[in-house]
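# Architecture at a glance
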Amino acid sequence: MSTVLEAQQVRKRYQLGDHGVDALAGVDFSVGQGEFVAIMGPSGSGKSTLLHLLGGLDKPSEGEVVLAGNRLSELNDQAATLARRHHVGFVFQFFNLLPTLTARENILLPLMIDGKDVSGYEDRLQKLLDLVGLGDRQNHKPDQLSGGEQQRVAIARALITEPELVLADEPTGNLDSKTGRAIMQLLRRSCDEFGQTIVVVTHDPQASVFADRVVFLRDGSIVRDLLLSGQEPFANRLKMVMEEMEKLAE
């Protein structure tokens with residue numbers, strides 16, 4: 001399995017007055033092609049900070065992030081923007097859809113921004129609309145869609161460019177439990193059917209058990225990397241995750 005993403009002794013320090021605070025304290029982390037990884041930890045553990053560094057949205061104070069073979073520290077701002085655009089799809093908690101565009105247009109937006117001829121992506125678009133179950137809603141605007149439907153649009157938008165990596169920051173955090181589970185099942189399908197590599201930050205144990213691995217952060221450090229078997233019943237995987245979370249709280 002080839003490595004799509006790697007963090008090498010990544011640190012992130014914020015200066016608060018005369019004092020420095022380490023949000024991340026030397027994280028080593030890698031994700032292989034086709035893996036589905038969840039990142040968990042208590043509030044303030046560094047989960048979202050790590051995700052932003054992995055996606056090149058922020059720069060580490062020390063260490064290196066290697067994304068699809070690109071050492072991000074060696075890229076200028078323009079090159080880093082292109083690396084994100086070409087190699088990463090992002091899914092956020094609050095959907096971030098443009099209200100004046102239809103679902104179809106929102107999905108195609110990354111291609112238009114990149115100057116691509118969207119007519120050449122019709123087959124890909126139709127496959128994604130089938131995957132997310134929005135074929136009959138593709139001409140609706142965001143205010144005509146439910147929260148779950150909007151998140152499905154956001155997932156299809158993240159996948160349209162066939163990125164090496166999808167990064168999702170609390171993708172179920174703004175949804176009810178039933179809809180959130182459906183969104184995680186959708187991400188699982190994109191991993192299994194498209195071979196998509198996915199990293200999800202979540203506070204929800206039930207969301208995390210859809211992953212192949214759950215990485216636990218505490219005080220800016222990885223304290224456990226838990227391997228989950230898809231052959232295990234959902235309840236057993238959830239129990240394993242809950243036990244690890246209880247240890248974190250001790």
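Relevant structure appears above.
The sections below set out a description of the structure shown in this document. (Residues numbered from 1 in each chain as written. Predicted model: local features only at pLDDT ≥ 70, side-chain atom pairs only at ≥ 80, totals over all residues. Heavy atoms only, no water.)

Burial of helix H1 (residues 47-54) is extensive: six of the eight residues sit out of reach of the surface. Within H1, the full set of buried residues consists of Lys47, Thr49, Leu50, Leu51, Leu53 and Leu54. (Buried < 20%, exposed > 50% of the residue type's maximum accessible area, 1.4 Å probe, protein only. Helix = DSSP H or I, 4+ residues; strand = E, 2+ residues; numbered from the N terminus.)

We now examine the pairing of strand S8 (residues 197-201). Burial runs high along S8: five of the five residues are buried. With four bridges joining them, strand S3 (residues 36-40) and S8 adopt parallel strand pairing. Within S8, the position partnered with isoleucine 39 by the bridge is valine 201. Judged from the five bridges that link them, strand S7 (residues 165-169) and S8 form a sheet pairing that is parallel. Note that in S8 the partner of aspartate 169 across the bridge is valine 201. Crossover handedness for the path S7 to helix H6 (residues 177-194) to S8: right-handed. (Pairing = 2+ DSSP bridges. Right-handed = clockwise from strand over helix to strand, strands pointing away.)

The next subject is the packing of helix H4 (residues 122-132) against helix H5 (residues 147-159). At their nearest, the axes of H4 and H5 sit 10 Å apart, and the two run at 145° to each other. Considering the relative orientation of H4 and H5, their crossing is right-handed. Residues Arg124, Leu128, Leu131 and Val132 of H4 form the contact with H5, whose own contacting residues are Arg152, Ala156 and Leu159. Tallied by class, the residues present in the contact of H4 with H5 amount to five nonpolar, no polar and two charged. (Axes fitted to C-alpha atoms, helices over the stretch in contact; angles between N-to-C directions. Left-handed = near helix turned anticlockwise from the far one by under 90°. Contact = heavy atoms within 4.5 Å. Nonpolar A, V, L, I, M, F, W, Y, C, P; charged D, E, K, R; others polar.)

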